[in-house]
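Working through the structure, step by step
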Amino acid sequence: LVPPLHAMERHRLLALLLVLPIGYGDRILQIPDIHADDEIMRQALALVEPIGSRDKLVFTGDFVERGPRPRECYELSEQLSKQHNVTRLIGNHEWVNLMGVDERSMFAPYVPKEDLDSFGGWAKRVHTFSKDGDLGQLIRHGFEVMALEEVASDPRTRTLFVHAGISAATMRKFGSVGAIQAAGKKMLLEDDLDTELLHEILQTRHLAQNPEKQACKELEAILRAARAERLVLGHTPTNLIGGRIGNPMVRCSGRLLLSDV
């Protein structure tokens, strides 16, 4: 299946309808890289409403930085998770904030004044994302490092979601998506964040940037190990790798979708 793409251009946001209803009316929906814009988050959600009881909604990370209102985005995601089948993945911007972004951090320029003021300054913002802060706890307990979703009774819809990417070597090393999910969750809960696994799946761009033949060959090995039909990534803005602003990219005959626009 090559899924239909419903894109809305504004501040690098895409609402991506991944799976056509196949006799059941169920859907897998994905929204990547919100970057602290709750208004555009609500507009993206409006593209796919009403969300059915058997629909699955996946956020592929980066609710924070660049935009003005991260708390509102996290709180909206929490409301949605209580009402629908929602999976939230951690992105690299969540990751660095869990480790602590203050005025000396290389990520400080990504924190606009409205964001900083809403927390009451750097010290309170750092605490909020710490293991003792409310957003830090929400992310550590409520977010995953990858997800494998499918529409019931149709294996063609099995879709692997990761924020940035994963190597075939790492997929083979762990052996399954479940093993990576368990290892990643343990790292989050134990505040063991500076790990090889998290560095890779939250920062790599090799599947997005490598030549098509090379990327597709590795993709086949990843999907085989994950028992998935396609891989969906955020993280790498498509306009930086030859795509048009506001448009996702589809590679490898529809088996690799790059959704950060």
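Residues numbered from 1 in each chain as written. Predicted model: local features only at pLDDT ≥ 70, side-chain atom pairs only at ≥ 80, totals over all residues. Heavy atoms only, no water.

**A closer look at the overall build of the chain**
Condition: Here a strand is any run of E in DSSP of at least two residues, a helix any run of H or I of at least four, and the numbering for each starts at the N terminus. In this treatment the radius of gyration is a C-alpha quantity, and the globule benchmark scales as 2.2 Å times the residue count to the 0.38 power. Throughout, a contact is declared for two residues whenever any of their heavy atoms are within 4.5 Å. Reported accessibility uses the Shrake-Rupley method at a 1.4 Å probe radius. Residues are deemed covered only where the shown protein chains occlude them. Residues scored as charged are limited to Lys and Arg (positive) and Asp and Glu (negative), so that His and the chain ends carry no count. By convention, the point assigned to a charge is CZ for Arg, NZ for Lys, CD for Glu and CG for Asp.
Of regular secondary structure, the chain possesses 11 helices and nine strands. Its C-alpha atoms give the chain a radius of gyration of 17 Å, near enough to 18 Å, the size a compact globule of 261 residues would have. When contacts within the chain are restricted to residue pairs at least 6 apart in sequence, those whose partners lie at least 24 apart make up 69%. Accessible area of the chain: about 11,300 Å², with a carbon and sulfur share of 50%. Counting 32 positive and 36 negative side-chain charges, the chain places the centres of these two groups 5 Å from one another.

**Quick word on the packing of aromatic side chains**
Let me state the cut-off plainly: Centres within 6.5 Å are what make two rings of Phe, Tyr or Trp a pair, Trp counting through its six-membered ring; a difference in plane orientation under 30 degrees is then read as stacked, over 60 as edge-to-face, and the rest as tilted. Each residue is placed in one exposure class: buried if its accessible area under a 1.4 Å probe, protein chains only, is under 20% of its type's maximum, exposed if it is over 50%, and partly exposed if it falls in between.
Following the criterion strictly, the structure yields seven aromatic pairs and no others. Note on Phe63 and Tyr74: the rings are 5.4 Å apart at their centroids and 35° apart in plane angle, and the pair reads as tilted. With a gap of 11 residues between them, Phe63 in the loop between β3 (56-59) and α2 (70-83) and Tyr74 in helix α2 connect regions that are remote in the sequence. By relative accessible area, Phe63 is classed as buried at 1%. Consider the rings of Phe119 and Phe129, whose centres lie 5.9 Å apart with planes at 50°: the pair is tilted.

**Let's talk about the state of the cysteines**
Using the following cut-off: Only a pair of cysteine sulfur atoms within 2.5 Å qualifies as a disulfide here.
For the coordinates displayed, the defined rule picks out one disulfide. Paired through a disulfide, Cys216 and Cys252 show a sulfur-sulfur distance of 2.0 Å. Taking the sign of the torsion about the S-S bond as the criterion, the disulfide between Cys216 and Cys252, at about -95°, is left-handed. Within this pair, whereas Cys216 is found in helix α11 (residues 212-226), its partner Cys252 is found in the loop between β8 (249-251) and β9 (256-258), the two being separated by 36 residues in sequence.

**Examining helix α9 (residues 196-203)**
Where α9 is concerned, the buried positions are Leu197, Leu198, Glu200, Ile201 and Leu202. The elements touched by buried residues of α9 are α3 (92-99), β6 (159-162), α7 (168-174) and α8 (177-189).

**Quick word on the environment of Leu256**
Structurally, Leu256 can be placed in strand β9. A C-alpha to C-alpha distance of 17 Å links Leu256 and Gln203, two positions 53 residues apart in sequence.

**Here we look at the confidence of the model for the chain**
In low-pLDDT segments, the atomic positions of the prediction should not be examined closely. Our working definition: Confidence of the predictor at the level of single residues is given by pLDDT, which spans 0 to 100.
Per-residue pLDDT for the chain averages 91, and the proportion of residues at 70 or more is 91%. Low confidence marks residues 1-23, where pLDDT is under 50. Its contacts with residues over four positions away, or in another chain, come to 91 contacts.

**Some remarks on α3**
For α3, the tally of buried residues reaches seven of eight residues, placing the bulk of the element in the interior. Where α3 is concerned, the buried positions are Asn92, His93, Glu94, Trp95, Val96, Asn97 and Leu98. Contacts made by the buried residues of α3 are with α2, α5 (122-129), α6 (134-142), α8 and α9. Just downstream of α3 lies Gly100, where phi reads positive at about 110°.

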